[in-house]
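# Remarks on the overall topology
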Amino acid sequence: MAGAGKKDKKLKPVKKPNLKERVTEVLELPKEIVLNMPKLTMLGNGDLIVENYKGILEYDEGIIRLNTASGIIRVTGADIYIKEITMESIMIFGNIQSLEFTK
């Protein structure tokens, strides 16, 4: 019998988009504006712009953690610092080595 003896893999449930997400997709609206999702723009490994962040959770040597509507963004690197900050966006500059998203 084909497949006998193999363990069944548990499939993760697929998250169904809510009404706001479906309307955003159908009308082709920018998700970062309608759903308040963070938008990240990275130039090489030296400049990172994060739009729609909620706040700074940690700002220490070699690490910056930002709070967003969809989780925490953790930036690590050498000589990284906040170059520019506004109410809508934050620009991180330096030698960025890793970018991590956590819930």
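Description of the structure in this document. Being a predicted model, the structure only gives us computed values, none of them experimental.

Another point: the packing of aromatic side chains. Any two aromatic rings considered together are summarised by their centre-to-centre distance and by the angle between their planes. Across all of its chains, the model carries one aromatic pair by this definition. Judged by centre distance (5.6 Å) and plane angle (65°), the rings of Tyr81 and Phe93 are edge-to-face. Highlighted residues: Tyr81 in strand S5 (residues 71–85) and Phe93 in strand S6 (residues 89–102), separated in sequence by 12 residues. Classification of Tyr81 as partly exposed rests on a relative accessible area of 35%.

A few words on a nonpolar patch on the surface. Taken together, the side chains of Ile56, Tyr59, Tyr81, Ile85 and Phe93 make up a nonpolar region of the molecular surface, amounting to roughly 440 Å² of accessible area. Contributions of two or more residues to the nonpolar patch are made by strand S3 (53–60) and S5.

Under the counting rule described, the total for this entry stands at two salt bridges. Two residues, Arg74 and Glu100, come together in a salt bridge whose shortest N-O distance is 3.3 Å. Of the two residues, Arg74 is situated in strand S5 and Glu100 in strand S6; the sequence distance between them amounts to 26 residues. Look at Arg74 and you get partly exposed, because its relative accessible area is 32%. Overall, the relative accessible area of 34% leaves Glu100 in the partly exposed class.

What follows is about the sheet that holds S5. Within a beta sheet, neighbouring strands are joined by backbone hydrogen bonds and run either parallel or antiparallel to one another. Here we have six strands laid out as an open sheet, ordered S1-S2-S6-S5-S4-S3, and antiparallel in their pairing. The sheet is open, and its two borders are formed by strand S1 (39–43) and S3, each paired with just one other strand. Taken pair by pair, the neighbouring strands of this sheet meet at an average axis angle of 35°, ignoring direction. Pairing geometry for strand S2 (residues 47–51) and S6, over five bridges, is antiparallel. Residue pairing for S6: Glu51 is matched across the bridge by Ser89.

What counts and how
Residues numbered from 1 in each chain as written. Predicted model: local features only at pLDDT ≥ 70, side-chain atom pairs only at ≥ 80, totals over all residues. Heavy atoms only, no water. Phe/Tyr/Trp six-rings, centres within 6.5 Å; stacked < 30°, edge-to-face > 60°. Helix = DSSP H or I, 4+ residues; strand = E, 2+ residues; numbered from the N terminus. Buried < 20%, exposed > 50% of the residue type's maximum accessible area, 1.4 Å probe, protein only. Patch = residues over 30% accessible without salt bridge, like charges linked within 9 Å, V, L, I, M, F, W, Y side chains within 5 Å. Areas by Shrake-Rupley, 256 points an atom, 1.4 Å probe, with all protein chains shown as cover. Salt bridge = Lys/Arg side-chain N within 4 Å of Asp/Glu carboxyl O. Pairing = 2+ DSSP bridges. Axes fitted to C-alpha atoms, helices over the stretch in contact; angles between N-to-C directions.

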